[in-house]
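So the chains spell out like this:
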Amino acid sequence: SRLVVVAASTAGPQALTRLLTALTGDLPVPVAVVLHIPIGFSEPLARRLDQECALRVFEAEEGLELVAGRIVIARAGAHLTVVGPELRAHLDVLPLEPSHRPSVDVLFKSAAASSR
């Protein structure tokens, strides 16, 4: 495996916190997360989790490299996709289907494609 992908719905921050804080600092792959959360809340969540987790936690930024030791949370209001063999974050705010942004399906499909 080159990447772990995680998804949670609107009621998922507590479960996500329990899961991510249980990960050890020596996880050999990056983690990409989609959470249905209102715009403006993903960045503070990432900051809080960064203080609580053994791994570094970031809100996704365009071109951010997904590397071991890093958890990347999709920015609220934008699709997160994984691109390229080097696993970089791509953000898309276009009104693509499905209309939920970020979308679990969009992240998971891109992660599957990147593993080929």
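Per chain, the residues get numbers from 1 upward, laid out in the order the sequence is written. Since the coordinates come from a predicted model, pLDDT governs what is reported: local features require at least 70, and pairs of side-chain atoms require 80 or more to be given and counted, while whole-chain, interface and lining totals use all residues. Calculation of side-chain values draws on the structure's entire complement of heavy atoms; hydrogens and water are dropped beforehand.

1. Considerations on the confidence of the model for the protein
Here's step 1: Scored from 0 to 100, pLDDT reflects the predictor's confidence in each residue. With 94% of its residues at a pLDDT of at least 70, the protein reaches an overall mean of 91.
Here's step 2: In the model of the protein, helix H3 (residues 104-114) stands out as the element of lowest mean pLDDT, 90, in contrast to strand S4 (residues 70-73), which has the highest, 98. In this description a helix means any DSSP run of H or I spanning at least four residues, a strand means any run of E spanning at least two, and both kinds are numbered starting from the N terminus.

2. Focus: unusual backbone geometry
Here's step 1: Its identity is not glycine, yet Leu-87 carries a phi of approximately 55°, on the positive side.
Here's step 2: Counting through the fold element by element, Leu-87 comes out in the loop between strand S5 (79-83) and strand S6 (88-92).
Here's step 3: For Leu-87, a relative accessible area of 5% puts it in the buried group. The rule is simple: take the accessible area with a 1.4 Å probe, protein chains only, and divide by the maximum for that residue type; under 20% is buried, over 50% is exposed, in between is partly exposed.

3. Thoughts on helix H1 (residues 13-22)
Here's step 1: Restricting attention to buried positions, one finds in H1 the residues Leu-16, Thr-17 and Leu-20. What you see down the axis of H1 is that its buried residues fit within an arc of 100°, all on one side. More than 90 degrees from the buried face of H1, the exposed residues found are Gln-14, Ala-15, Arg-18 and Ala-22.
Here's step 2: Looking at the packing, one finds that the buried side of H1 touches strand S1 (4-8), strand S2 (31-35), helix H2 (42-52) and S4. Here, the arc refers to the directions that run from the helix axis to the C-beta atoms. It only takes one pair of heavy atoms within 4.5 Å for two residues to be counted as in contact.

4. So, H3
Here's step 1: For H3, the full list of buried residues reads Val-106, Leu-107, Ser-110, Ala-111 and Ser-114. Each buried residue of H3 sits inside an arc of 125° when the element is viewed along its axis, so together they form one side.
Here's step 2: Buried residues along H3 sit in contact with S1, S2 and S5.
Here's step 3: The definition of a polar contact used here is a pair of N or O atoms within 3.5 Å, where within protein one atom must be able to donate a hydrogen and the other to accept one, and adjacent residues in sequence count solely through side-chain atom pairs. The opening residue of H3 is Ser-103, an N-cap whose side-chain oxygen sits 3.2 Å from the backbone nitrogen of Asp-105.

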